[in-house]
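Residue-level structural notes
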Amino acid sequence: MMQDTEPLDDEARAEREVAEAARTKPWQPYLDAALGFRNHWYPAFFSHELAEGGVRAERLLGEPLFFKRVGGQVYAVEDRCLHRGAPFSARPECYSPNTVTCWYHGFTYDVRDGRLAAIVTDPDSALIGKVGLQRYPVQEAQGLVFVFVGDLDPPPPLALDVQPGFLDADLAVYPRGERAPVASNWRLAAENGFDASHIYIHRNSPLIVGQRRPLPLATLLCSREGMVVAADGAPKGVVKGSGKRVPVWETEIEGIKVRSRFLPGEDGGPGRTSPDTSMWLPCGLKVDPFPTVGMIQFEWYVPIDERSHMYTVTWGQYVQSPDRAARFHADVDAYWKDLVTRQFNHDDVLAREQIERFYAEEGGWHRERLYRPDLIITEWRKLASAHNRGIQRRRAGRTPGARP
Amino acid sequence: MMQDTEPLDDEARAEREVAEAARTKPWQPYLDAALGFRNHWYPAFFSHELAEGGVRAERLLGEPLFFKRVGGQVYAVEDRCLHRGAPFSARPECYSPNTVTCWYHGFTYDVRDGRLAAIVTDPDSALIGKVGLQRYPVQEAQGLVFVFVGDLDPPPPLALDVQPGFLDADLAVYPRGERAPVASNWRLAAENGFDASHIYIHRNSPLIVGQRRPLPLATLLCSREGMVVAADGAPKGVVKGSGKRVPVWETEIEGIKVRSRFLPGEDGGPGRTSPDTSMWLPCGLKVDPFPTVGMIQFEWYVPIDERSHMYTVTWGQYVQSPDRAARFHADVDAYWKDLVTRQFNHDDVLAREQIERFYAEEGGWHRERLYRPDLIITEWRKLASAHNRGIQRRRAGRTPGARP
Amino acid sequence: MMQDTEPLDDEARAEREVAEAARTKPWQPYLDAALGFRNHWYPAFFSHELAEGGVRAERLLGEPLFFKRVGGQVYAVEDRCLHRGAPFSARPECYSPNTVTCWYHGFTYDVRDGRLAAIVTDPDSALIGKVGLQRYPVQEAQGLVFVFVGDLDPPPPLALDVQPGFLDADLAVYPRGERAPVASNWRLAAENGFDASHIYIHRNSPLIVGQRRPLPLATLLCSREGMVVAADGAPKGVVKGSGKRVPVWETEIEGIKVRSRFLPGEDGGPGRTSPDTSMWLPCGLKVDPFPTVGMIQFEWYVPIDERSHMYTVTWGQYVQSPDRAARFHADVDAYWKDLVTRQFNHDDVLAREQIERFYAEEGGWHRERLYRPDLIITEWRKLASAHNRGIQRRRAGRTPGARP
């Protein structure tokens, strides 16, 4: 095999570290987090998807949420009437700006705080003002509606739960990103997006082939140096770090040479083909630059339930003026959005869905055989286990006498 | 808010009673009855749906039943051969009037008593005459085929298990009512049909809007006076009773007036818009008058399994002659049947289906927050718990070695 | 009833034996074998379905298998990468003749022994050569690819796990038989194919009616004489044996005569209408002759999972020359294949699927009521319990934290 350097000591050390971690699995909280981590901010949808006075429903971390925008501000409450569990979203009714009324018996809640404000069918009920829906703090930023799924009051700052730089004032974020449900647990998505060697699945992606872009078969990354980022008062994540990266352009199988489709020419090279990739609590990815120089791709894998997540993607660019921001948005509309989502990310979706069965039904979390490049994944699992703010659990609740 | 009277003492008392009942839940048998109550009569289908010599299959309370009409009489046995469990209905075979033969190995049963009468493939078998299918007593009345799902022999009189008046000789019952499976537990249907305040879901029903019918937002009914009907030797049920009813025509939310769409004029009024509604064991509703003066609506919510029920609806009218009965049937055919089922009851179906998840999967029976108008529901749960003749249970039976 | 002979002592004895066996159920291993028997050879597909260099995936006994043909030889390995459980078959990649590469991270296995031969994304990984996939021995015979699902090394001879005669050099086997998944447990299929009295389901099969073939309502077979075949070093099975067979051509139900549609004429008779049927471990049936004199029908019911099996059917004929074999194949193509599978076996498929619910969900294995002709089935269950080489079990593996 052709390789740029001799094997590093780092590599041998990485091999031992991954093997040891795979054996001891020091990430039990992560294994328990099939529904995600509680007490974090999650992107629920794009701001443009909810107009003034409008409502919408989304399921996050197994919980049904009902959103309403009033006076510009988005509010979120449980999408389930306290009385008999009817979802407001089945027939949304709003008699007044700040309320939602359950279509079944007229229980009316103030969406700003969840409080039961009136009952159409029993205006003098003693319950009024005394009970309320779970409310979810909401904050909009960069064209996304973030919601806090948890119990901390006040919630921690949003800035702790987004990818570094995402809130920068001079970062223009494309406001009409993609959202699509994917049939896999959110952790498989996080690990794939971030996986040091999954680049291999993209060698036939139309984006790569169409642009004749030099892409190594893999880029070995084995050093933990600079990998874990967990300073107080800042987002917690794992980045590819400052360890040496070794691209693999060619290998050999049964004496047959296997080469990357396009080898680097004068102007190609590792810098161009190996962006900085990093994964942040609770479930956000940053790839910089991607898909081209000057652009940053942001992804989120928001748990819907144990077997599916909402895949949210958008892009950012640092700009000096609103004019440049507008040009950037137009470029994404015209070219990048479709290219990335339909000609590149679909391969990632396939990967997540194809391994779901192994992890959900066949004991994959205990049978998997991690290897050296998975060092970055083992570090992520450890970081997520150490720095999450809680494990999301299903509320009990099979009906007595009901059949599974 | 505008209301006809000052709050009643009754109302305060109802508030306390519902709160107390919701806390102590004195209705465990009802909670256990996901499959319905055993040892009761249930309507299986309309008489016209089974012609002489014909057969049909229905599932009731989780049990598969096979019906055959012979010499005018309908018989019912288990739709499952004793030998290897094949359902007769998969390929019904009848060599003789009183028998059904299993298409698989020719086990032949007398439908009148369930007895194994012959085996085509082993005419001398020692089993013949010694074993038999579970049989189900059947009785036809008012154009419906009722079947007794239980073990009492003889069964109690049908008259104890139908809505009062249903068997009256001068009540003409429409013979071609509606039957449709609905995806919710039967108890959610019973409670909806009977719910003192669910009228709210009908304010936009086409039947109401199209007729410009004055319909209050709700009719408060808070007194237990006359509510429970449980005399010996008569049907057991809960009726709206003789307590004062307070219609709510208008309320206010965030300072915004919410009014009924059509207010009562000279000839409108509570009597017209608030029929007597009552719910009877095992699962029958009576609404009198409805949909118009002189008509009575009858409904049944027969458990199919834990997550679905058969919704059966028909109408009755007291008449003096066969001629008037025929005119009544023609009126239902031409006008009322479609109007009620497609333009009114579909709202009830939505309600039942929308709360099914909460009750079946999310612990709704223990999380619900009942309020004052639910007094009639708590009374129903207590009555049903006290007067049912048994809880229907699933027969055990996962295959050894089978995977769930 | 009309019968050729007086009841036999054998019949009374059979009656007692079946009743006793049904009571004591001396076949616990069989009850445990919802997924089939481990350590046996199973037909996976027909040879023509896998061309040189080609690959295909099949699920057998709950396990995912990946097949590849190299240099004429078929190899099989687990269809699930060791690393993260991705199925190779989702995107098959083969860089070299003897390998398959996982499309996700480039783990490359030698299909001949399952060994991890290379990793495209980490060419120097210490894992290479040290770990491997489960491999499955494969042997082709008579146009079928057989695979050994088990752990014995070396596996026992294929000849022990096929129907007697199937490997005979002068038996021409039709190479393009039928394969179709059926929604029932494999044991219900085995017992149906072999069932002494299930002939009853075929009396209206188009093959029988179209040929005006005399077919008795049943053929009683009650003697164990010669039934169990379990010599050392030979296939283990149960055959109809040498006991006297009593055809039932007519019976009576409620005084009504029930006759076979076509009674035997001069040239008809038991020999023609009652072929030798036998069932062999692990799951193979032989019917000789069928569908006509000189042809033998072979069937297999290979477990896919607990609720489905792959139904594989083909035919054989003893021939003296390749020329005669070619004519036989052409006859099957032109006539027999469609006739048997579409106009006869579909009745068997119905039977298996219709009793699946009873056995899988309603405790059928403990509620069934076997009768005298089921002697052959009780003998099969005992033989299978005594002579299988292991019970196939699901590998544990619900994800911690995952919801069922």
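Here the structure is a predicted model, which means the values were calculated and not measured. (Residues numbered from 1 in each chain as written. Chains lettered and ligands numbered in written order. Predicted model: local features only at pLDDT ≥ 70, side-chain atom pairs only at ≥ 80, totals over all residues.)

**Notes on the overall build of chain A**
When helices and strands are tallied, chain A shows nine helices and 22 strands. By the compact-globule yardstick of 22 Å for 404 residues, chain A fits well, its C-alpha radius of gyration being 23 Å. Over its C-alpha atoms, taken along the principal directions, chain A stretches across nearly 80 × 55 × 40 Å. Every one of the 404 residues in chain A was classed for burial, and the buried ones make up 50%. Put simply, 63% of the contacts in chain A that link residues at least 6 apart link residues at least 24 apart. (Helix = DSSP H or I, 4+ residues; strand = E, 2+ residues; numbered from the N terminus. Rg over C-alpha atoms; globule rule 2.2 N^0.38 Å. Buried ≥ 20, exposed ≤ 12 C-beta atoms within 10 Å, placed from the backbone. Contact = placed C-beta atoms within 7 Å.)

**A word on the relation of the copies chain A and chain B**
Between the two copies of the chain lies a relationship made up of a rotation around an axis and a movement along it. The transform that puts chain A on chain B rotates by 120° and translates by 0.1 Å along the axis, for an RMSD of 0.0 Å. Expressed as an axis order, the relation between the two copies is that of a three-fold axis. (Least-squares fit on C-alpha atoms with pLDDT ≥ 70 in both.)

**Remarks on the interface of chain A and chain B**
Each partner contributes to the interface: chain A provides 38 residues, whereas chain B provides 38 residues. With three residues, the top contributor of residues to the side of chain A that touches chain B is strand 7 (residues 116-119) of chain A. Here the side of chain A that touches chain B is built from residues that sort into 19 nonpolar, 13 polar and six charged. (Nonpolar A, V, L, I, M, F, W, Y, C, P; charged D, E, K, R; others polar.)

**Brief notes about the pairing of strand 20 (residues 284-288) of chain C**
Residues and elements named next belong to chain C. Bridge count between strand 19 (residues 276-280) and strand 20: five bridges; the pairing is antiparallel. Opposite M279, over in strand 20, you have L285 as the bridge partner. Where strand 19 folds back onto strand 20 in an antiparallel hairpin, the turn is made up of three residues. Two elements, strand 20 and strand 21 (residues 296-305), share four bridges in a ladder whose sense is antiparallel. The residue bridging G284 from the neighbouring strand is W300, located in strand 21. (Pairing = 2+ DSSP bridges.)

**What about unusual backbone geometry?**
Residue P282(A) is bonded to the preceding L281(A) through a cis peptide linkage, with omega at 0°. Looking at the element boundaries, P282(A) is found in the loop between strand 19 (276-280) and strand 20 (284-288). Residues other than glycine seldom take positive phi values, yet L61(A) does so here, at roughly 50°. Tracing the backbone through its elements, the reader meets L61(A) in the loop between strand 2 (55-60) and strand 3 (63-70). Using a count of 25 C-beta atoms within 10 Å as the deciding quantity, one classes L61(A) as buried. Even without being a glycine, R212(C) presents a positive backbone phi close to 50°. Within the secondary structure layout, R212(C) lies in the loop between helix 4 (206-210) and strand 13 (218-221).

**Quick notes on the packing of helix 3 (residues 186-194) of chain A against helix 7 (residues 345-361) of chain A**
Residue and element names in this part refer to chain A. Between helix 3 and helix 7, the least distance of the axes is 9 Å, while the angle of their chain directions is 135°. Regarding the angle of helix 3 to helix 7, the classification is oblique. Our pair here, helix 3 against helix 7, has a crossing hand that is right-handed. For the pair formed by helix 3 and helix 7, the contact residues are L188, A189, N192 and G193 on the first element and D348, A351, R352, I355, E356 and Y359 on the second. Taken together, the residues of the contact of helix 3 with helix 7 break down into five nonpolar, two polar and three charged. (Axes fitted to C-alpha atoms, helices over the stretch in contact; angles between N-to-C directions. Parallel < 35°, antiparallel > 145°, perpendicular 65-115°, else oblique. Left-handed = near helix turned anticlockwise from the far one by under 90°.)

**Some thoughts on the interface of chain A and chain C**
Counting from both sides, the interface comprises 38 residues of chain A and, opposite them, 37 residues of chain C. In terms of residue count, helix 7 of chain A provides more of the side of chain A that touches chain C than any other element does, seven residues in total. A class-by-class count of the residues in the side of chain A that touches chain C yields 22 nonpolar, six polar and ten charged.

**Some thoughts on the sheet that holds strand 1 (residues 40-46) of chain B**
Residues and elements named next belong to chain B. Strand order in the open sheet formed by three strands is 1-10-9, with antiparallel pairing between adjacent strands. Sheet topology places strand 1 and strand 9 (138-141) at the edges, where each strand pairs with a single neighbour. Direction aside, the axes of adjacent strands within the sheet are offset by 30° on average. Relative to strand 10 (residues 144-149), strand 1 runs antiparallel, the two sharing six bridges. Bridged to F46 within strand 10 is L144.

**Notes on the domain arrangement of chain A**
Residues and elements named next belong to chain A. Looking at the assigned domains, one finds that chain A contains domain 1 (9-36 + 157-387) and domain 2 (55-149). Using C-alpha coordinates to define each centre, domain 1 is positioned 35 Å away from domain 2. Taken together, the contact pairs eleven residues of domain 1 with nine residues of domain 2. Looking at which element gives the most residues to the side of domain 1 that touches domain 2, the answer is strand 21 (residues 296-305), with four residues. Taken together, the residues of the side of domain 1 that touches domain 2 break down into nine nonpolar, one polar and one charged. (Domains from an automatic or database assignment.)

**Overview of helix 7 (residues 345-361) of chain B**
Residues and elements named next belong to chain B. Here helix 7 contains 17 residues, and its C-alpha end-to-end distance of 25 Å stays within 8% of the 24 Å for a straight helix at 1.5 Å per residue. The largest bend in helix 7 comes to about 35°, at I355. Every buried residue belonging to helix 7 is among N345, D347, D348, A351, R352, Q354, I355, E356, F358, Y359 and A360, and all of these are buried. Where helix 7 is buried, its residues touch strand 12 (178-182), helix 3 (186-194), strand 22 (308-318), helix 6 (322-343) and helix 8 (364-367). Where helix 7 ends, the next residue or the one after it, G363, has phi of about 75°, a positive value. (Expected span 1.5 Å × (residues − 1). Bend = angle between axes of the 7 residues up to and from the residue.)

**Considerations on the sheet that holds strand 8 (residues 135-136) of chain C**
All names here are of chain C. What the four strands build is an open sheet, ordered 2-3-4-8; its pairing is antiparallel. On the outer flanks of this sheet lie strand 2 (55-60) and strand 8, each paired with one strand and no other. Pairing of strand 3 (residues 63-70) with strand 4 (residues 73-78) involves six bridges; the strand directions are antiparallel. Among the inter-strand pairings, V70 is bridged to a residue of strand 4, identified as Q73.

**Overview of the nonpolar core**
Grouped together as the largest cluster of nonpolar side chains are 323 residues, with contacts concentrated most on A76(A), V147(A), A76(B), V147(B), A76(C) and V147(C). Sequence-distant contacts of A76(C), that is, excluding residues within four places in its chain, are made with L65(C), F66(C), F67(C), R135(C), Y136(C), V138(C) and V147(C). (Core = buried A, V, L, I, M, F, W, Y, C linked by C-beta atoms within 7 Å.)

**As for the environment of V111(A)**
All names here are of chain A. Examined against the element boundaries, V111 turns out to sit in the loop between strand 6 (107-110) and strand 7. Residues V111 and A218, 107 residues apart in the sequence, show an inter-C-alpha distance of 50 Å. Beyond its immediate chain neighbours, meaning those up to four positions away, V111 contacts K68, V70, Y75, V77, N98, T99 and V100.

**Side note on the pairing of strand 18 (residues 256-259) of chain A**
All names here are of chain A. Pairing analysis gives four bridges linking strand 17 (residues 250-253) to strand 18, with the strands arranged antiparallel. Along strand 18, the bridge assignment pairs E252 with K257. In this antiparallel pair of consecutive strands, strand 17 and strand 18, the connection spans two residues, and E254 shows a positive phi of 50°.

**With respect to the confidence of the model for chain A**
Residue and element names in this part refer to chain A. A residue-level look at chain A finds 93% of positions with pLDDT of 70 or above and a mean pLDDT of 91. Confidence drops under a pLDDT of 50 for residues 266-272, and excluding neighbours within four residues, the segment shows five contacts in the predicted structure. Below a pLDDT of 50 lies the segment residues 397-404, which in the model reaches 20 contacts outside its immediate sequence neighbourhood of four places, other chains included. Reported for the predicted complex are a pTM of 0.92 and an ipTM of 0.92. (pLDDT = per-residue confidence, 0-100.)

**What to know about the environment of K382(B)**
Residue and element names in this part refer to chain B. If you trace the backbone, K382 turns up in helix 9 (residues 375-387). For the pair K382 and P29, spaced 353 residues apart in sequence, the C-alpha separation works out to 8.9 Å. In this structure K382 touches P26 and W27, once residues within four positions along its chain are discounted.

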